[in-house]
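An overview of the molecular structure
Given next are the chains, with one letter for each unit.
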Amino acid sequence: MGPDARGTVLGDDALKRLTSVATVDTGVLVTDFGDPAYAEQLAAAEVLFTCWGCPPLTEEALNRMPGLRAVIHAAGSVKGHVTEAVWNRGIRVTTAAAANALPVAEYTVAAILNANKRVLGTSLAYRQARCQLNPLRLFPDLGNYRRTVGIVGASRIGSRVIELLAPFDLELLVHDPYLPEGRSVDLDDLVRRSDVVSIHAPELPETRHMFNRERLALLADGATLINTARGSLVDTEALTAELVSGRIHAVLDVTEPEVLPADSPLYDLPNVLLTPHVAGSLGRELGRLAEYAIDEVERYARGLPLVHEVHPSALSRSA
C-alpha cells in the first residue's frame with residue numbers, strides 16, 4: 001500500500017490486532033514489488049495485506065512471492081492491483097468494499113433528503129437576504145413527502161441506500177440490468193419520473209457517459225442528479241450545460257476529470273453541491289476498513305470461509 005494508506009488505515013490498535021492473528025513485520029511497507037530490499041519478505045509471504053497505492057500484482061511480481069495464497073484488501077475495488085495473473089494462480093482475493101459502501105450510502109441518503117428539502121438553495125437565499133424569509137412562499141414545492149427517488153444500480157451501495165430510505169415516505173424506482181425481471185425499471189423511464197436520481201453503477205466501458213446529453217435532458221425541471229459512483233458515468237460537458245442553465249440541480253462527489261479545472265463553473269453554481277470525493281471512508285471510518293480486512297486475515301488463519309471474497313466472474317459488473 002502507499003505510505004498515506006499505511007498511516008491512516010492501519011492505526012496502532014489495528015496493527016496490534018493484526019499481529020495477534022498473523023506473523024507480521026510491522027516495519028515493512030512494500031511500495032515496489034521489484035525492490036530487492038523486500039526480496040526476502042516477499043519470498044516468505046503467504047498473505048498480502050493491501051490498500052490504496054498497492055502496485056500491480058503482475059506475473060513478474062508474483063514470481064517473487066511463490067508462497068502467496070491470499071490478497072486481503074483493506075479498501076474497495078481490487079481492479080487497480082489484482083491482475084489476471086493472480087486469478088490464473090488461484091490466489092484468493094478479498095475486499096473491504098462492503099465496509100466502504102456504508103459511508104457512501106449514508107452520504108447519499110443525506111444528499112437525497114437535503115436535495116428534496118432544498119437545503120442548498122434555502123441556505124443561499126437566507127445568506128443573501130440576511131433577514132427573515134417566508135419559505136412557504138419562496139419554496140412552495142419543498143419537501144420529501146411522496147417524492148420519487150431513482151436508484152441507478154442495486155450495487156452494495158445502491159442496495160444499502162434503498163434499505164436506508166425504506167422508512168421515508170418516498171417512492172423508490174430502481175434500475176439494474178442484473179435484477180430479476182419485474183424489479184428493474186427502464187432507465188430512461190426512471191430518469192423521467194424521478195425527483196432525484198442517484199448513480200451507483202460500476203465504472204465499465206458500457207457505463208461510460210451513461211448520463212449523456214440526451215439522458216440528462218430527460219430529467220424533469222428542478223430534478224437533482226447525485227453521483228457518488230465514478231465521474232466517467234456522466235458526460236461532464238453535457239451536465240455542466242444543464243446546470244449552468246439552472247434547469248436542474250446536482251450533488252457531485254466525483255467528476256471527470258476527478259479534479260475539475262479551476263475555471264469550471266461547477267465550483268460556483270448555486271444549484272451544485274460539489275465535494276472532493278469524500279463520500280467514501282475517511283477519518284474515523286477508515287478503522288472499519290481495517291477491521292473488515294483483519295477479520296478476513298483471522299478467518300483465513302483459522303481455516304474458516306472468507307466472507308468478502310472476490311470472484312473474477314463478478315468483476316465484469318462491479319467497481
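Here we summarise the structure given alongside this text. Treat the numbers as computed from the prediction; the structure is a model and nothing was measured. (Residues numbered from 1 in each chain as written. Predicted model: local features only at pLDDT ≥ 70, side-chain atom pairs only at ≥ 80, totals over all residues. Heavy atoms only, no water.)

Notes on the state of the cysteines
If you walk through the whole model with that rule in mind, you get zero disulfides. Here Cys-51 stays unpaired: no disulfide links it, and the sulfur of Cys-54, its closest cysteine neighbor, is 9.3 Å away. With a relative accessible area of 1%, Cys-51 lands in the buried category. (Disulfide = S-S within 2.5 Å. Buried < 20%, exposed > 50% of the residue type's maximum accessible area, 1.4 Å probe, protein only.)

Examining unusual backbone geometry
Comment: phi is negative for the bulk of residues other than glycine, and the bulk of peptide bonds are trans. With an omega dihedral of 0°, the bond running from Glu-256 to Pro-257 counts as a cis peptide bond. We note that Arg-118 has phi near 55°; this positive angle belongs to a residue other than glycine. Positionally, Arg-118 belongs in the loop between helix H6 (97-116) and helix H7 (119-129). One non-glycine residue, Arg-130, adopts positive backbone phi at about 55°. Locating Arg-130 in the fold gives a position in the loop between H7 and helix H8 (135-138). Taking relative accessible area as the criterion, Arg-130 reaches 70% and is therefore assigned exposed. (Helix = DSSP H or I, 4+ residues; strand = E, 2+ residues; numbered from the N terminus.)

Points about the sheet that holds strand S2 (residues 70-73)
Read across the sheet, three strands follow the order S1-S2-S3 without closing on themselves; strand pairing throughout is parallel. Only two strands of the sheet have a single partner each, and these edge strands are strand S1 (47-50) and strand S3 (92-95). Neighbour-to-neighbour, the strand axes of the sheet open up by a mean angle of 15°, direction not taken into account. Two elements, S1 and S2, share four bridges in a ladder whose sense is parallel. The residue bridging Thr-50 from the neighbouring strand is His-73, located in S2. (Pairing = 2+ DSSP bridges. Axes fitted to C-alpha atoms, helices over the stretch in contact; angles between N-to-C directions.)

Some remarks on the sheet that holds strand S7 (residues 224-227)
Spatial strand order, S5-S4-S6-S7-S8-S9: six strands in an open sheet with parallel pairing. Of all strands in the sheet, those with a lone pairing partner are strand S5 (170-175) and strand S9 (272-274), marking the two edges. Averaged over all adjacent pairs, the angle separating strand axes in this sheet is 15°, with direction ignored. Strand direction decides the pairing type here: strand S4 (residues 147-152) and strand S6 (residues 196-199), joined by four bridges, are parallel. Pairing of Val-149 across the sheet is with Val-196, part of S6.

Side note on the nonpolar core
Residues Phe-211, Leu-219, Leu-225, Leu-239 and Leu-243 are the most contacted members of the largest nonpolar core, which totals 27 residues. Listing elements by their share of this core, those giving two or more residues are helix H10 (187-193), S6, helix H12 (236-245) and strand S8 (249-252). Excluding residues within four positions of it along the chain, Leu-219 makes contact with Val-191, Val-197, Leu-225, Arg-247 and Ile-248. The next biggest cluster of nonpolar side chains, apart from the first, holds 22 residues, and it includes Met-1, Ala-14, Ala-96 and Leu-286. (Core = buried A, V, L, I, M, F, W, Y, C linked by side-chain atoms within 4.5 Å. Contact = heavy atoms within 4.5 Å.)

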